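# Descriptive structure summary
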Amino acid sequence: MSIWFKPFTLEEVNGRTMKGIGTSLGMLFTEIGEDFLKATMPVDERTRQPFGILHGGANVVLAETLASVGTGRVLDRGRHRGVGLEINANHLAPAKDGVVTGIARPIHLGKTTHVWDIRISNAEGKLSCISRCTMAVLTL
């Protein structure tokens, strides 16, 4: 059973969401499942830190983008809006090149908060970051 308020396409989410920092970092939504979203981000000069590996902050931006879009698509956007309330990230393994892939699934979809689990893997498929993002649900 789908968690989404109404069906949507990758073209819609990439066209609307990929503005600002998402565009700047090269993020691309690649899959919409019944209860998850998947997106990629390149590991390149835009996202690496000075030691040549993916910047932890770039992981956090990918994670919060996934959670934000997820919450936005679960809610009736004519009545509610989701905004980031808290995020944490544990960086487990470096990503040096290629792309990283994030998959976000909800842990909790309540009336006032949503909590998302985001798992980011490096180009070799190794888990490189685990993030949890809490979204506040606001009434318009």
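Residues numbered from 1 in each chain as written. Predicted model: local features only at pLDDT ≥ 70, side-chain atom pairs only at ≥ 80, totals over all residues. Heavy atoms only, no water.

Within the open sheet, the 6 strands sit side by side as β1-β2-β4-β5-β6-β3. Their pairing is antiparallel. The open sheet is flanked by β1 (28-32) and β3 (80-91), the only strands paired with a single partner. Averaged over all neighbouring strand pairs, the angle between strand axes comes to 25°, with direction disregarded. Where helix α3 (residues 56-74) meets the sheet, its contacts fall on β1, β2 (37-42), β3, β4 (99-109), β5 (113-121) and β6 (127-139), and the angle it forms with β5 comes to roughly 135°. (Pairing = 2+ DSSP bridges. Helix = DSSP H or I, 4+ residues; strand = E, 2+ residues; numbered from the N terminus. Axes fitted to C-alpha atoms, helices over the stretch in contact; angles between N-to-C directions. Contact = heavy atoms within 4.5 Å.)

Its location among the elements puts K38 in strand β2. When its relative accessible area of 21% is taken as the criterion, K38 is described as partly exposed. It is 21 Å that separates the C-alpha atoms of K38 and T113, two residues lying 75 residues apart in sequence. (Buried < 20%, exposed > 50% of the residue type's maximum accessible area, 1.4 Å probe, protein only.)

This part covers the nonpolar core. Core analysis: the biggest nonpolar cluster contains 27 residues, and M41, L62, L66, V100, W116 and I118 have the highest contact counts within it. Among the secondary structure elements, those contributing two or more residues to this core are β2, α3, β4, β5 and β6. Ranked by residues supplied to this core, first place goes to α3 with 7 residues. In this view, I118 contacts A63, L66, A67, I103, A104, C129, I130, S131 and C133; residues no more than four positions away in its chain are not counted. (Core = buried A, V, L, I, M, F, W, Y, C linked by side-chain atoms within 4.5 Å.)

This is a description of form; function is not addressed.
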